[in-house]
Amino acid sequence: MSIPFSGTLRRSGGIVSAIGKQLRSVNLKGVKRITVQFDPFAENVKATREFLFLLSTPKVSQSNPKCIVKPDIVCDRSPAFIKFALIDSAQEQSKVKEIRFNSDNLNTLELLQLLNKHVSTLAPPEEIAKKVLTKAEKQKLGGGAGGKKPIKKK
């Protein structure tokens, strides 16, 4: 008698692939300013520093080029935190001015999951740009493409 198979067919990609998956869905369009404050001599600061690094990657910063990422490095043994100042439309939607994560006992993956859950959902919907017409489409609509005029034979 055999034992029925229960489980996955392959192993998970690990923590690095999970961080990459969360990083692909980060959207900072609803954020004006991000302040990351930490004490470099504290014990649980590595995840906050990694999160700061991930926020400064080109793909994440391109989601909102106007967003300011400001690191505050203090030396007073205060707990690490990350503060997101929201834009006006996101403030109206969530009814708060800023979102603050106490990042002392969280790892990098948990910080990214919280970011996607609470901040990325506040991004305003993208505006649909009008479609650019090609020359062939313009000719079908009746307007000329402005090319050479046909030669009339006599």
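Figured I'd write up the structure that's included with this text. Computed from a predicted structure; not experimentally measured.

Procedures and definitions
Residues numbered from 1 in each chain as written. Predicted model: local features only at pLDDT ≥ 70, side-chain atom pairs only at ≥ 80, totals over all residues. Heavy atoms only, no water. Axes fitted to C-alpha atoms, helices over the stretch in contact; angles between N-to-C directions. Helix = DSSP H or I, 4+ residues; strand = E, 2+ residues; numbered from the N terminus. Parallel < 35°, antiparallel > 145°, perpendicular 65-115°, else oblique. Left-handed = near helix turned anticlockwise from the far one by under 90°. Contact = heavy atoms within 4.5 Å. Nonpolar A, V, L, I, M, F, W, Y, C, P; charged D, E, K, R; others polar. Buried < 20%, exposed > 50% of the residue type's maximum accessible area, 1.4 Å probe, protein only. Pairing = 2+ DSSP bridges.

### As for the packing of helix 2 (residues 46-55) against helix 5 (residues 108-118)
(1) Moving on: Between helix 2 and helix 5, the shortest axis-to-axis distance is 9 Å and the interhelical angle comes to 50°. Compared by their axis directions, helix 2 and helix 5 come out oblique. Crossing angle aside, the handedness with which helix 2 passes helix 5 is right-handed. Where helix 2 abuts helix 5, its residues Ala-47, Thr-48, Glu-50, Phe-51, Leu-54 and Leu-55 lie against Thr-108, Leu-111, Leu-112 and Leu-115.
(2) Moving on: When its residues are assigned to classes, the contact of helix 2 with helix 5 shows 7 nonpolar, 2 polar and 1 charged.

### So, the environment of Lys-117
(1) Moving on: Relative to the helices and strands, Lys-117 is located in helix 5.
(2) Moving on: Owing to a relative accessible area of 58%, Lys-117 belongs among the exposed residues under this scheme.
(3) Moving on: The spacing of Lys-117 and Ala-90 is 27 residues in sequence and 14 Å in space, taken between C-alpha atoms.

### A look at the pairing of strand 1 (residues 31-38)
(1) Moving on: In terms of residue burial, strand 1 counts as a mostly covered element, since 6 of its 8 residues are buried.
(2) Moving on: Taken together, the 6 bridges between strand 1 and strand 3 (residues 81-86) define a ladder with antiparallel strand orientation. By the bridge assignment for strand 3, Ile-34 is matched with Phe-84.
(3) Moving on: Looking at chain direction, strand 1 and strand 2 (residues 68-73) are connected through 6 bridges and run parallel. Residue Thr-35 lies in a different strand from strand 2, and its bridge partner there is Lys-70.

Everything listed here is a matter of coordinates, which is why it stays silent on function.
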